[in-house]
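These are the residues of each chain, in order.
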Amino acid sequence: MTQFALFATLLIVVVAAFILPPLWLGLRAPKARADRKTANLAIFRDQLAELEREKAEGSLADGDFEQARQELQRRLLDEVEPAASESATASHAPSRKTAIALLLLLPILGLTGYSILGNPQALDPEQTAPKPQMTQEQIEGMVAKLAERLKANPDDPKGWLMLARSYKSMGRYAEAVEAFDKAEAVVNEEPDLLAAYAETIAMAAGKGLKGKPTQLVEKALKLDPKHAHSLFLAGAAAMERGDSKQGIAYWEALLPQVEPGSDIDQMLRSGIDKMKAGK
């Protein structure tokens, strides 16, 4: 916040330094015009000196000299008079009220614009500080506390579901199956949960998807026939029991839902080809 305030203040000072003096003091004749006038006078003097030199050498008659000198004077007046006119129109009376108003409005408008278009929370170090990463020990401690709370209050299916997901993510599949069992009232309503439950049982037992996992997957597909995770597991279960026709049907139904050329797309197509070849 302090660094932003200093930078914003410096920016306002720089902008004010360019805008306020002309308003406070009135405009001055541009320096470029004064430089042009000085250059014209120098050229006039050089050309007049050249005419005088030629007259002294006798190469320029008196009448010609006088005519050339008058022409130089006329050209000089043509240059000087417009410049003087422009300088007069460029100046104006100071506008100090406008200068004061701008000085007050610059920081207000800047802060208002930043609050609308910017990200004010980025000015708060507490908001921008990186969040501390939880250690594995802390995660395990939280899961253990949840398990203890559910033992004391077992009539909490959503709590058991949270515990089941936690155990599954930690690779503790047998404990995850037990927790899913106690959350079955909630699990039976969601295809995502049914597929996760079936997958967890298969991982815990190490015997594939036969039996209850297949029943859970079929229940999920009754709730949502296009459920991607369940279609995948159903195709894998069909392959396990040698039902290539059913396996092909499940995985071909899944193909439109995956990104073409992705790893899962290639794996599904390879499996479909193998099942077709095994007919």
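The rules behind each value
Residues numbered from 1 in each chain as written. Predicted model: local features only at pLDDT ≥ 70, side-chain atom pairs only at ≥ 80, totals over all residues. Heavy atoms only, no water. Helix = DSSP H or I, 4+ residues; strand = E, 2+ residues; numbered from the N terminus. Buried < 20%, exposed > 50% of the residue type's maximum accessible area, 1.4 Å probe, protein only. Contact = heavy atoms within 4.5 Å. Areas by Shrake-Rupley, 256 points an atom, 1.4 Å probe, with all protein chains shown as cover. pLDDT = per-residue confidence, 0-100. Core = buried A, V, L, I, M, F, W, Y, C linked by side-chain atoms within 4.5 Å. Salt bridge = Lys/Arg side-chain N within 4 Å of Asp/Glu carboxyl O. Expected span 1.5 Å × (residues − 1). Arc of directions from axis to C-beta. Patch = residues over 30% accessible without salt bridge, like charges linked within 9 Å, V, L, I, M, F, W, Y side chains within 5 Å. Polar contact = N/O pair within 3.5 Å; in protein donor to acceptor, adjacent residues only side chain to side chain.

1. Some remarks on the overall build of the chain
Here is step 1: Of regular secondary structure, the chain possesses 14 helices and zero strands.
Here is step 2: For the chain, the residues scored as buried account for 27% of the 279 residues in total.
Here is step 3: In the chain, the proportion of contacts linking residues at least 24 apart, taken out of those at least 6 apart, comes to 52%.
Here is step 4: Carbon and sulfur atoms make up 59% of the accessible area of the chain, which amounts to about 18700 Å² in all.

2. Digging into the confidence of the model for the chain
Here is step 1: Chain-level statistics for the chain give a pLDDT mean of 76 and a share of 62% at 70 or above.
Here is step 2: Contacts of residues 83–92 to residues separated by more than four positions or lying in other chains number 13 contacts, the stretch itself having pLDDT below 50.

3. Brief notes about the nonpolar core
Here is step 1: If you look at the biggest cluster of nonpolar residues, it comprises 43 residues, and the most contacted ones within it are L161, L163, F180, V187, Y197 and W251.
Here is step 2: Among all residues touching V187, those that are not within four sequence positions of it are L161, F180, L193, L194 and Y197.

4. Considerations on the pattern of salt bridges
Here is step 1: Within the structure shown, the criterion is met by eight salt bridges.
Here is step 2: For K212, the salt bridge is made with E184, and the minimal N-O distance between the two is 3.9 Å. Of this pair, K212 sits in helix 11 (residues 212–223) while E184 sits in helix 9 (residues 184–187), and the two are 28 residues apart along the sequence.
Here is step 3: On the basis of relative accessible area, K212 is assigned to the partly exposed category, the value being 34%.
Here is step 4: Residue E184 is classed as partly exposed on the basis of its relative accessible area of 22%.
Here is step 5: Across the pair K276 and E252 runs a salt bridge, and its minimum N-O distance is 3.4 Å. Residue K276 is found in helix 14 (residues 263–277), and its partner E252 is found in helix 13 (residues 244–254); the two are separated by 24 residues along the sequence.
Here is step 6: The class of K276 is partly exposed, set by a relative accessible area of 41%.

5. Some remarks on the environment of G242
Here is step 1: Tracing the backbone through its elements, the reader meets G242 in the loop between helix 12 (228–240) and helix 13.
Here is step 2: Along the backbone, G242 and M275 are 33 residues apart, and their C-alpha atoms lie at a distance of 8.8 Å.

6. Things to note about helix 6 (residues 136–152)
Here is step 1: Helix length check: helix 6, at 17 residues, gives a terminal C-alpha distance of 25 Å against a target of 24 Å (1.5 Å per residue), a fit within 8%.
Here is step 2: For helix 6, the full list of buried residues reads V143, L146, A147 and L150. The buried residues of helix 6 all sit within an arc of 100 degrees when viewed along its axis, so they share a single face. Across helix 6 from its buried face, at more than 90 degrees, point the exposed residues E137, K145, E148, K151 and A152.

7. Points about a nonpolar patch on the surface
Here is step 1: Together, M134, I139 and M142 make up a nonpolar patch on the protein surface, roughly 280 Å² of accessible area in all.
Here is step 2: With respect to the helices and strands, I139 occurs in helix 6.

8. Some points on the side chain of H227
Here is step 1: Within the secondary structure, H227 is located in the loop between helix 11 and helix 12.
Here is step 2: Polar contacts involving the side chain of H227 include one to the side chain of D192, which spans 2.4 Å.
Here is step 3: Apart from residues no more than four positions distant in its own chain, H227 is found in contact with P191, D192, A195 and L221.

9. Overview of helix 13
Here is step 1: Taken together, the buried positions of helix 13 are G247, I248, Y250, W251 and L254. Axial view of helix 13: buried residues confined to an arc of 165 degrees, hence all on one face.
Here is step 2: Next to the buried residues of helix 13 lie helix 11, helix 12 and helix 14.

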